[in-house]
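The chain contents come next:
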Amino acid sequence: MKGDSILEVSSPEFLVQRYRTAKGFCLTSAFWFVVATLIGLAIAIELVAPDLLGNISWLVFGRIRPIHTNLVLFGFVTSGLLGAAFYFLPVLLRTEIYSERLGLAAIGLWNIILMSGVVTLATGHTQAREYAELIWPIDILVVIFFTLLFYNLMMTVKQRKEPLLYVSIWYVLASVILTGIVYFVGNVIWVPWTGAITGMPDAITLWWYGHNIFGVLLTPLAIATAYYVIPKTCGSPLYSHTLSLVGFWALMLLYTHIGTHHLLQTPAPTWLKVIAIVDSIGMIIPVAVVLINLWYTVAGKLGEIHNDVAAKFVFTGTILYLIVCIQGPIQSLPQVQRVTHYNNWVISHAHLAVLGFSGLIALGGIYYILPKITGKPLYSKFLADVQYWLVLLGVLAFSASLTIAGLIQGNGWLNGETVYKVLPQIHIYNVIRGGTGIVIFSGAVIGFYNIFRSLFFNCVKEEPS
Ligand code: HEM
Ligand code: HEM
């Protein structure tokens, strides 16, 4: 079938063979979303009632917190966005994925990585560096995974029939290759026994890496998906191809070296902090460029977005991107960080960003491609809509309560209050976080059911419109 004009062939029987990689990533994402939020709930409960889950070693906060973060970042969001990419990349290039088998092998490896991550972290095997906790053998597998993806995608580009490389393709390719490199360096893979160098250089390397997990993995994949889904839903071309390239290069130029804004209150070199602060403010440029481009594309067509649940997820993700990226530069200022650092303010930003921005877009990407890759409508648009509201309201309430808690903590500590006086003041916000966590978890479960049924037991036989 390779080489045929495949875009015209879209019968359900034909689609069973195609897009297997995209389907695998969608299922992977939906599954880990459920597990990750369940563990999120467990750590939220531990912060409300530290003794409730007893003293079981593999359930202690320090062990399951990194399981939660690794699963949401890699298991849920990355997989969902890759699922969308493995659909729109071949479509935009008017060819097939170079090798669905290689894609499936990569998914198998990815799930082995995630599973081994859960087991090793739960049993206390960690490199104890945030977002780089996974131990050396798993790190090697992660680098192999990104190499496989890059090879598969590059070979697809090589066999393309469409000469124009639409901007989404730039973002996906850059994301996959840069993540492979950043992961290798950030996890200090050449020092297997610790996965770290020493002293301040280690913290700088770590946060260069940690920051780039958001900056070169999640953000470009999410923007790529938005750049595909929004014009398609509106039925209009992207507002400006030039702006899309300006946004791409500005992101690459600025986002890749501002990780030291995580280390403003440490003895990192001042020149590095200055660069990080100035370019964090500069991040307003790529963010504004991307959003102007996307929102001008939508101008006059909000109705189309409103009527399409997938586009609704994606468009809302772009609104939260704006909020997160107003918050980000402001909290990069040392004076502001005196109040916001080392407390729940950052946890709020993290959820608004990773779930509110990239997570919503990942879900939108999945819902957008499901009818295309199965040849049938979504199993239930209603359930997708319910999930949209649960996740959106959940993350907004979650983040609002933690922002308040963070400000109470920040002010308390700035005023020299002792921790034991501040903790009771934020207790209620921890309870609210747990409650909103249940709402988000319910959304994840409903999403898994809907995605699973859409993929495997979807009785609806109609063709997608
Ligand atoms: C204009 C863009 C952004 C800027 C300038 C920015 C800035 C920052 C800063 C300064 C911190 C550290 C705060 C502290 O420790 O006191 C931070 C934390 C964080 N940011 Fe952003 N941010 C931006 C966008 C994003 C996006 C788009 C994502 C996700 C896709 C994201 C995810 C996170 C996460 C997860 C943390 C928590 C890291 C930790 O564990 O400490 N940020 N951000
Ligand atoms: C049931 C829903 C969820 C609950 C209850 C929950 C709860 C938590 C808790 C308690 C922490 C540790 C906070 C601390 O150390 O003080 C945390 C960290 C984190 N969670 Fe969640 N979470 C949920 C869903 C998610 C989702 C869906 C995402 C992303 C898609 C996410 C991303 C993160 C990140 C990036 C961190 C690290 C934050 C940082 O260090 O700054 N969480 N979460």
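Predicted, not measured: the structure shown is a model, and the values here were computed from it.

Asks: Tell me about the site of ligand 1, and please be specific about residues and values.
Replies: Lining the immediate surroundings of ligand 1 are 25 residues, of which Glu-130, Tyr-131, Tyr-255, His-341 and His-349 lie closest. Here an oxygen atom of ligand 1 sits 2.7 Å away from a polar atom, N or O, in the side chain of Tyr-131. Between His-349 and ligand 1, the recorded distance is 3.0 Å, taken from a side-chain N or O atom to a nitrogen atom. Only helix 7 (199-234), helix 12 (309-331) and helix 14 (344-374) provide two or more residues apiece to the shell around ligand 1.

Asks: Account for the coordination of the iron atom of ligand 2, with residues named and values stated.
Replies: Within the protein, His-68 (NE2) and His-351 (NE2) serve as the donor atoms for the iron atom of ligand 2, at 2.0 Å. Of note is the iron atom of ligand 2, whose six donor atoms meet at the metal with angles of 85 to 179° in an arrangement that counts as octahedral. Of this pair, His-68 sits in helix 3 (residues 61-93) while His-351 is found in helix 14, placing the two residues 283 residues apart along the sequence. Residue classification places His-68 among the buried positions, given a relative accessible area of 11%.

Asks: Please provide a residue-by-residue account of the site of ligand 2, values included.
Replies: Residues in close proximity to ligand 2 total 26 residues, the closest being Arg-65, His-68, Glu-130, His-351 and Gly-437. Between ligand 2 and His-68, the relevant distance is 2.8 Å, taken from a nitrogen atom to a side-chain nitrogen or oxygen of the residue. At 2.9 Å, a side-chain N or O of Glu-130 approaches an oxygen atom of ligand 2. Within the residue set of the shell around ligand 2, elements represented by two or more residues are helix 2 (20-48), helix 3, helix 14 and helix 16 (419-455). Looking at the shell around ligand 2 residue by residue, the classes come out as 17 nonpolar, six polar and three charged.

Asks: Can you break down helix 10 (residues 284-298) residue by residue, with the values?
Replies: Across its 15 residues, helix 10 extends 21 Å between first and last C-alpha, which sits within 8% of the 21 Å expected from 1.5 Å per residue. Listing the buried residues of helix 10 in full gives Pro-286, Val-287, Val-289, Val-290, Leu-291, Asn-293, Leu-294, Thr-297 and Val-298. Of the residues one or two after helix 10, Gly-300 is the one with positive phi, at around 80°.

Asks: Go over the coordination of the iron atom of ligand 1 with me, naming the residues and quoting the values.
Replies: No other protein atom reaches the iron atom of ligand 1 as a donor apart from His-349 (NE2), found 2.2 Å away. Summarising the element assignment, His-349 is placed in helix 14.

Asks: So what's going on with the environment of His-427? Residues and values would help.
Replies: By secondary structure assignment, the location of His-427 is in helix 16. Counting along the chain gives 380 residues from His-427 to Leu-47, while the straight-line C-alpha distance between them is 8.6 Å.

Calculation notes
The residue count restarts for each chain, going from 1 along the sequence in the order it is written. Chain letters and ligand numbers both follow the written order, the letters beginning at A and the numbers at 1. Only residues with pLDDT of at least 70 are given local features in this predicted model, and only at 80 or more are side-chain atom pairs given and counted; all residues enter the totals for whole chains, interfaces and linings. To get the side-chain values, take all heavy atoms of the structure and skip hydrogens and water. By convention in these notes, a residue is near a molecule or strand provided one of its non-hydrogen atoms lies within 4 Å of it. Whenever two N or O atoms come within 3.5 Å, that pair is a polar contact, provided that in protein one can donate a hydrogen and the other can accept it, and provided that, for residues adjacent in sequence, both atoms are side-chain atoms. In this text, helices come from DSSP runs of H or I with a minimum length of four residues, and strands from runs of E with a minimum of two, each type numbered from the N-terminal end. Listed donors are limited to N, O and S atoms within 2.8 Å of the metal, widened to 3.2 Å for Na, K and Ca; water is not among them, so incomplete-looking sites are possible. Any site counts as irregular unless it has four donors with all angles between 85 and 135 degrees, making it tetrahedral, or four or six donors with opposite ones more than 155 degrees apart and the rest between 65 and 115, making it square planar or octahedral. Type-normalised accessible area, obtained with a 1.4 Å probe on protein chains alone, sets the label of each residue: buried when under 20%, exposed when over 50%, and partly exposed for intermediate values. In this count, Pro and Cys sit with the nonpolar residues alongside Ala, Val, Leu, Ile, Met, Phe, Trp and Tyr, while Asp, Glu, Lys and Arg are called charged and the others, Gly among them, polar. By this rule the span expected of a helix is its residue count minus one, scaled by 1.5 Å.

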